Amino acid sequence: MAARRKIRLIHTSDTHLGDDWNPAAAARALAAVVDSVHTLRGDALLIAGDVFDNARIADAVLEFFVSEMARAAVPAVILPGNHDLYDAATLYRRHPFADAPDNLHIISGARGETVALPDLTLDVWGRAMDSHTPAFRPLAGMPANRNGRWLVAMAHGHFHYPDDTEERSSPIRPHEIAAAQCDYIALGHWERFEDVSQNGVTAYYSGSPLGAAGARGQVAVNVVELDPQAAIEVSVAQAQLPLR
Ligand SMILES: [Mn+2]
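Presented here is a report on the structure given in the accompanying data block. Since this is a predicted model, take the numbers as computed values, not measurements.

Moving on: the overall build of the protein. Counting its regular elements, the protein contains three helices and 14 strands. For the protein, the C-alpha radius of gyration of 17 Å lies close to 18 Å, the compact-globule estimate for 244 residues. A burial count over the protein gives 54% of its 244 residues as buried. Excluding contacts between residues fewer than 6 apart, the proportion of contacts in the protein whose partners are at least 24 apart in sequence is 66%. Summing over all exposed atoms, the protein offers an accessible surface of approximately 10400 Å²; the carbon and sulfur share of this is 50%.

This is how it looks when you write it as structure tokens:
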């Protein structure tokens, strides 16, 4: 059984690159997130869906993203969301991704896929969204075995509070978080930072880099510390960083 290392993850979501309203702002925010990986000495970057705003975006946006992931240098794990579905027409199979650097990992399995990062003693699991419907359950089928490594799940969907009776697409239920056999759940789909941990299972929305920031001219990311020696093995803090 591999000894788990102390590692630090940078978690964000909903960067919406190529959005029609303010594409320059979205690009600057992504660049600031990549800067944060260096500034905060992150060991890996997780982007939990809606990386891109829509499937019509230009190749130049995809090329920008791929080059930023290369600049991140650490492993970057990407989970498709409802704005950037992994379906038959997915943008993730367009040609800019053919030249993607080795550190870029795109979860593409709609029934669940694990990205193994043995150098970090880390497995990252997620289900790539192929359709945004009530039947798509982002946490269904999470593996229970941890083979001694950290297990982090990524999920893009709507958390239903216990008193929330509305039926929404890509639902995430409290009992599913409570029953999860993982160390952290990196959530995306909401613009705001939110702690939705249940029964000792740590689960947070990061919010979008700009939407979760406390002030103009800043971005916010989640900093996830995984430390096997600490009294609390998993801790999450929000870091605010300047836009360039
Ligand atoms: Mn979404």
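This next bit is on the coordination of the manganese ion. Those donors, Asp-50 (OD), Asn-82 (OD1), His-156 (NE2) and His-189 (ND1), are the protein atoms that reach the manganese ion, and they lie 2.1 to 2.2 Å from it. Counting the intervening residues between successive donors of the manganese ion yields the motif D-x31-N-x73-H-x32-H. In this pair, Asp-50 is assigned in the loop between strand 2 (44–47) and helix 2 (59–72) and His-156 in strand 7 (residues 150–156), connecting sequence segments 106 residues apart. Comparing Asp-50 with His-156 shows no difference in burial state: the two are buried.

This brings us to the sheet that holds strand 13 (residues 218–226). Strand order in the open sheet made by the six strands is 4-3-2-1-13-14, with mixed pairing throughout. Each edge of the open sheet carries a strand with a single partner, namely strand 4 (104–106) and strand 14 (234–242). Within this sheet the neighbouring strands show an average axis-to-axis angle of 25°, counted without direction. Sheet topology note: the strand 3 (residues 76–78)/strand 4 ladder contains three bridges and is parallel. The residue bridging Ile-78 from the neighbouring strand is Ile-106, located in strand 4. Set on the sheet, helix 1 (residues 23–39) makes contact with strand 1 (7–12), strand 2, strand 13 and strand 14; between it and strand 13 the angle comes to about 35°.

The full count for this structure, using the stated rule, is 13 salt bridges. A salt bridge links Asp-123 to Arg-149; the nearest nitrogen and oxygen atoms lie 2.7 Å apart. Placement of Asp-123 in strand 6 (residues 122–126) and of Arg-149 in the loop between strand 6 and strand 7 is noted, with a sequence separation of 26 residues between them. Connected via shared salt-bridge partners are Arg-4, Asp-183 and Glu-233.

On to the side chain of Ser-170, then. Structurally, the position occupied by Ser-170 is in the loop between strand 8 (158–159) and strand 9 (171–172). Given a relative accessible area of 0%, Ser-170 falls into the buried group. Among the polar contacts made by the side chain of Ser-170, one reaches the side chain of His-132 at a distance of 2.8 Å.

Rules behind the numbers
Residues numbered from 1 in each chain as written. Predicted model: local features only at pLDDT ≥ 70, side-chain atom pairs only at ≥ 80, totals over all residues. Heavy atoms only, no water. Helix = DSSP H or I, 4+ residues; strand = E, 2+ residues; numbered from the N terminus. Rg over C-alpha atoms; globule rule 2.2 N^0.38 Å. Buried < 20%, exposed > 50% of the residue type's maximum accessible area, 1.4 Å probe, protein only. Contact = heavy atoms within 4.5 Å. Areas by Shrake-Rupley, 256 points an atom, 1.4 Å probe, with all protein chains shown as cover. Donors = N, O, S within 2.8 Å, 3.2 Å for Na, K, Ca; no water. Pairing = 2+ DSSP bridges. Axes fitted to C-alpha atoms, helices over the stretch in contact; angles between N-to-C directions. Salt bridge = Lys/Arg side-chain N within 4 Å of Asp/Glu carboxyl O. Polar contact = N/O pair within 3.5 Å; in protein donor to acceptor, adjacent residues only side chain to side chain.

Scope: geometric values only; no functional claims are made or implied.
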